[in-house]
Amino acid sequence: MFLEHSDADRRLQPHPSAAEHHASSSMGAPAVTGGSTYARLSSFVPARQLGVRIRNLDGILILSGRRHLLQLSPTAVVIWAAIDGRQSMGRIAAGLAQASGRAHRDALDHVAGFIAELLADDIVVSAVSAVDVSDSWDGGARSGEL
Amino acid sequence: MTVQDLKWLSDTFLGRLQPSDRDVLRSAASYAFLSGSVAYGWDSSTSDIDVHVVTDLSVDRRGRRLAEVIGQMIGREWDIDYRDRLSTDQLLESLSWERYRSGDAAALLTDDDLQFVARLWHGAPLTNAVMFDSVQQRLKASAARWVVTEWYLDHYDHSALDVQGQIEAGDNISAVMSAREAIRCVAAAALAGAGELPVDQKWRARQMREANPGPLPFTQYWRIETMADYTEEDPAQWARETIYRCQKVVESIVLPR
């Protein structure tokens, strides 16, 4: 799994004002599970919320979302590091596939699953809801590599 | 500051006090220490001399007036802060590892406490050096640096959230101001995490250059602090990028459990 919901440390409770703020600031991120095509998933560009609360506890990265504390696995850390508001999920998955030796489709599944959790907790939002699949890896997706 | 300088300051300070005040400061229950630029060795000809007196005996505030007289004599102003020893002990207790792990230590730290802790951390003894050294060692063995790190991280969180809201509201110049506050908090957290408790903001650049903390090296900090990449055309972009960089730094500050 990418995440563990942690409630072990009071220092990391979701920020009350963040919860209020986030509740009114959802940017209408598209659903990335349940019927979306891989091409659409690939073109989705996630961006980190500026106000997300982050802590590194003894080497474990923990994000405070609107409802949960998310403890990131090593794979999730790689994906989180790539979320910069510019890279599409397809590109992030390509990086993960290269780093881990996973198949592209498997990597995209993992990236999509993780980002869906982050979207649900308002830790990331949509930077660009682009549908134009143009980067090289997505081109590969069109040609059946997924 | 050399040992001779400290002795001279100590003698000057004690020598000009009324005997009753001097007895207070020399008693086993009290100590005085220097802080600020003089203690760090960063003072200039215009720097004042910051002295803290910690005692559980009543202190005649004549010491404050005498300090002004001494200041006139040596061309420097003395700023003397008196603090109750019991409250100092309570403050140290609030910085224990147990309190740190309970998760509420940083939230209970006031601005005054934060400043005093940093001054004690970097201070140099003026009177009763044995007691001062003991207190300073107790502070350094406590979770103080991590409580202070968390204090600044918590304040960074508020600033980052402000940036988010201000950009969403289209108030981009306010977002820039909040982002500047955010990077300052992150720099302070990086310093504290490196065991260099941050002192006054006016010394932040110098402290960052000397400590050069791994999560935020001086060159990177200075580029943001001086807004080297800022453009009038897109203030929000500078604020956004600054927070992204802050997030990377925060991720690199490893807090002990």
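Residues numbered from 1 in each chain as written. Chains lettered and ligands numbered in written order. Predicted model: local features only at pLDDT ≥ 70, side-chain atom pairs only at ≥ 80, totals over all residues. Heavy atoms only, no water.

Asks: Please clarify how the packing of helix α11 (residues 172-193) of chain B against helix α14 (residues 235-252) of chain B should be interpreted in this entry.
Replies: The description of two helices packed together rests on the angle between their axes and the distance between the axes. All names here are of chain B. The N-to-C vectors of α11 and α14 enclose an angle of 20°; their axes lie 8 Å apart at closest approach. Relative to α14, the element α11 lies roughly parallel. You can see that α11 and α14 cross each other, and the crossing is left-handed. Across the interface between the two elements, Asn 172, Ala 175, Val 176, Ala 179, Arg 180, Ala 182, Ile 183 and Val 186 of α11 pack against Pro 235, Ala 236, Trp 238, Ala 239, Thr 242, Ile 243, Cys 246, Val 249 and Val 250 of α14. Classifying every residue of the contact of α11 with α14 gives 14 nonpolar, two polar and one charged. (Axes fitted to C-alpha atoms, helices over the stretch in contact; angles between N-to-C directions. Helix = DSSP H or I, 4+ residues; strand = E, 2+ residues; numbered from the N terminus. Parallel < 35°, antiparallel > 145°, perpendicular 65-115°, else oblique. Left-handed = near helix turned anticlockwise from the far one by under 90°. Contact = heavy atoms within 4.5 Å. Nonpolar A, V, L, I, M, F, W, Y, C, P; charged D, E, K, R; others polar.)

Asks: Whenever I open this one, the packing of helix α5 (residues 85-94) of chain B against helix α9 (residues 129-141) of chain B confuses me. Can you help?
Replies: All names here are of chain B. Packing of α5 against α9 leaves a shortest axis separation of 10 Å and a crossing angle of 25°. Judged by the angle between their axes, α5 and α9 are roughly parallel. Once α5 is placed against α9, the crossing between them reads as left-handed. Contacts between α5 and α9 involve Arg 85, Asp 89, Leu 92 and Glu 93 on the former and, on the latter, Met 131, Val 135, Arg 138 and Leu 139. Across the contact of α5 with α9, the residue classes break down as four nonpolar, no polar and four charged.

Asks: I would appreciate a short explanation of the interface of chain A and chain B in the present structure.
Replies: Many authors give the size of an interface as the accessible area that is lost as the parts come together. Each partner contributes residues to the interface: chain A has 29 residues there, and chain B has 31 residues. Taking both partners together, chain A and chain B bury about 2600 Å²; carbon and sulfur atoms supply 48% of that area. Our enumeration of links across chain A and chain B arrives at six salt bridges. Residue A:Arg53 pairs with B:Asp154 through a salt bridge whose shortest N-O separation is 3.1 Å. Our count for the contact surface shared by chain A and chain B stands at 16 residue pairs in polar contact (both at pLDDT 80 or more). Listing elements by their share of the side of chain A that touches chain B, those giving two or more residues are α1 (16-23), β2 (45-48), β3 (53-57), β4 (60-64) and α3 (74-82) of chain A. By residue number, the principal contributor to the side of chain A that touches chain B is β3(A), which donates five residues. Direction of pairing for β3(A) relative to strand β5 (residues 254-255) of chain B: parallel, over a ladder of two bridges. (Buried area = accessible area lost by both parts, 1.4 Å probe. Salt bridge = Lys/Arg side-chain N within 4 Å of Asp/Glu carboxyl O. Polar contact = N/O pair within 3.5 Å; in protein donor to acceptor, adjacent residues only side chain to side chain. Pairing = 2+ DSSP bridges.)

Asks: Can you help me understand a negative patch on the surface in this one?
Replies: Residues and elements named next belong to chain B. Side chains of Glu 77, Asp 79, Asp 81, Asp 111 and Asp 112 sit close together on the surface and give a patch of like negative charge. Going through the elements one at a time, β3 (78-84) and α8 (111-122) are the ones with two or more residues in the negative patch. Structurally, Asp 111 can be placed in helix α8. With relative accessibility at 51%, the residue Asp 111 sits in the exposed group. (Patch = residues over 30% accessible without salt bridge, like charges linked within 9 Å, V, L, I, M, F, W, Y side chains within 5 Å. Areas by Shrake-Rupley, 256 points an atom, 1.4 Å probe, with all protein chains shown as cover. Lys, Arg positive; Asp, Glu negative; His and termini not counted. Charge placed at Lys NZ, Arg CZ, Asp CG, Glu CD. Buried < 20%, exposed > 50% of the residue type's maximum accessible area, 1.4 Å probe, protein only.)

Purely geometric numbers; function is a separate question.
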